[in-house]
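# Fold and geometry: a report
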Amino acid sequence: MTTSDRPAARVVCLDRDGRVLLMHWHDRVSGLDVWEPPGGGLDPGETPLEAARRELTEETGLPGAAVQDLAVEVGRDFTWLGVRYVKTESFFLARFPTSRPQVTPGALTQEERDAYLGCRWTRRLPAGVEPPTLATVIRQLTTLA
């Protein structure tokens, strides 16, 4: 199995009522479904904050400017499409003043389009959430803000 340590950034999005936005993906290699905050790999020369803002807009259509310049570093060890990722990702916070802002993925890659099952604003984290420590990450980010 291939291993990657490609840097990445994710965005914990909270709506006015405290719901978190989770993207739902299907790994066609493992057959597993995963729920996780929007985000992805850094492009060459990009900072984690820049990547978080870009990824948020690409994956959700929500404004990247909503991403606050504060982050929690999260150790990750997961497998996606047959590649094992072992790295630390920056998780940022974005707050939205409305209830369940409309999510419209606009710039998904072909790989993402093939895996995308939808998204959900939720108060309860579902089984299969990544990272498994997401509730702690949310508490840490909201404490910093």
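Now for a description of the structure that goes with this document. (Residues numbered from 1 in each chain as written. Predicted model: local features only at pLDDT ≥ 70, side-chain atom pairs only at ≥ 80, totals over all residues. Heavy atoms only, no water.)

### Details of the pattern of salt bridges
Under the convention used in this document: We define a salt bridge as a contact between a side-chain nitrogen of Lys or Arg and a carboxyl oxygen of Asp or Glu at a distance within 4 Å. Put simply, DSSP H or I for four residues or longer makes a helix, DSSP E for two residues or longer makes a strand, and each gets a number counted from the N terminus. When accessible area is computed with a 1.4 Å probe and restricted to protein chains, residues below 20% of their type maximum are described as buried, those above 50% as exposed, and intermediate ones as partly exposed.
Per the stated rule, a full pass over the model turns up 15 salt bridges. Measuring nitrogen to oxygen at the nearest pair gives 3.2 Å for the salt bridge that ties R10 to E89. A residue pair is termed long-range when its members are at least 10 positions apart, and R10 in strand β2 (residues 8–14) and E89 in strand β7 (residues 83–95) qualify at 79 residues. Judged by its relative accessible area of 0%, E89 is buried. A salt bridge links E89 to R76, with the shortest nitrogen-to-oxygen separation between them at 2.7 Å. Taken together, the residues span a long stretch of sequence, with E89 in strand β7 and R76 in strand β6 (residues 67–80) at a distance of 13 residues. The burial state of E89 is the same as that of R76; both residues are buried.

### Examining the layout of surface pockets
Using the following cut-off: Any residue with an atom within 4 Å of a point lines the site, the site being either a cavity, points on a 1 Å grid over the protein atoms alone where a 1.4 Å probe fits but cannot get out, or a pocket, an open set with protein on both sides within 12 Å along at least 5 of 7 lines. Grid points are joined across faces, edges and corners, and a volume is the space filled by probe spheres set on the points. Under the grouping applied here, Gly and all other residues not named as nonpolar or charged are polar, the nonpolar ones being Ala, Val, Leu, Ile, Met, Phe, Trp, Tyr, Cys and Pro and the charged ones Asp, Glu, Lys and Arg.
In this structure, the largest pocket spans a volume of roughly 680 Å³. Lining the largest pocket are 32 residues, and of these R10, E36, G40, W80 and E111 sit closest to its centre. At the level of elements, β2, β4 (33–36), β5 (39–41), α1 (48–60), β6, β7 and α2 (110–115) are the ones that each hand at least two residues to the lining of the largest pocket. Here the residues of the lining of the largest pocket are counted per class, giving ten nonpolar, seven polar and 15 charged.

### Overview of the packing of aromatic side chains
Inclusion rule: Think of it this way: a Phe, Tyr or Trp ring, Trp meaning its six-membered ring, pairs with another when their centres are within 6.5 Å, and the plane angle makes it stacked under 30 degrees, edge-to-face over 60, tilted otherwise. A ring is scored as having a charge over it whenever the NZ atom of a lysine or the CZ atom of an arginine sits within 6 Å of its centre and within 35 degrees of its normal.
What the rule picks out here adds up to three aromatic pairs. A centroid spacing of 6.3 Å and a plane angle of 80° characterise the contact between F96 and W121, whose relative ring orientation is edge-to-face. With F96 in the loop between β7 and α2 and W121 in strand β8 (residues 116–122), this pair connects stretches of sequence that are 25 residues apart. It is R120 that lies over the ring of W35; its NZ or CZ is 4.3 Å from the centre.

### Re the state of the cysteines
Quick reminder of the rule: By disulfide we mean two sulfur atoms from cysteines, separated by a distance within 2.5 Å.
The final tally for this structure, using the stated rule, is zero disulfides. With no disulfide partner, C13 has as its closest neighbouring cysteine sulfur the one in C119, 9.9 Å distant. Residue classification places C13 among the buried residues on the basis of a relative accessible area of 0%. Here C119 falls in the partly exposed class, since its relative accessible area comes to 31%.

### Focus: the environment of T104
Short version of the rule: Contact definition: two residues touch when any of their heavy atoms are within 4.5 Å.
With respect to the secondary-structure elements, T104 resides in the loop between β7 and α2. The spatial distance from the C-alpha of T104 to the C-alpha of R76 is 27 Å, given a sequence separation of 28 residues. What T104 contacts, discounting residues up to four positions off in sequence, is T60 and G61.

In short, shape yes, function no, at least from these values alone.
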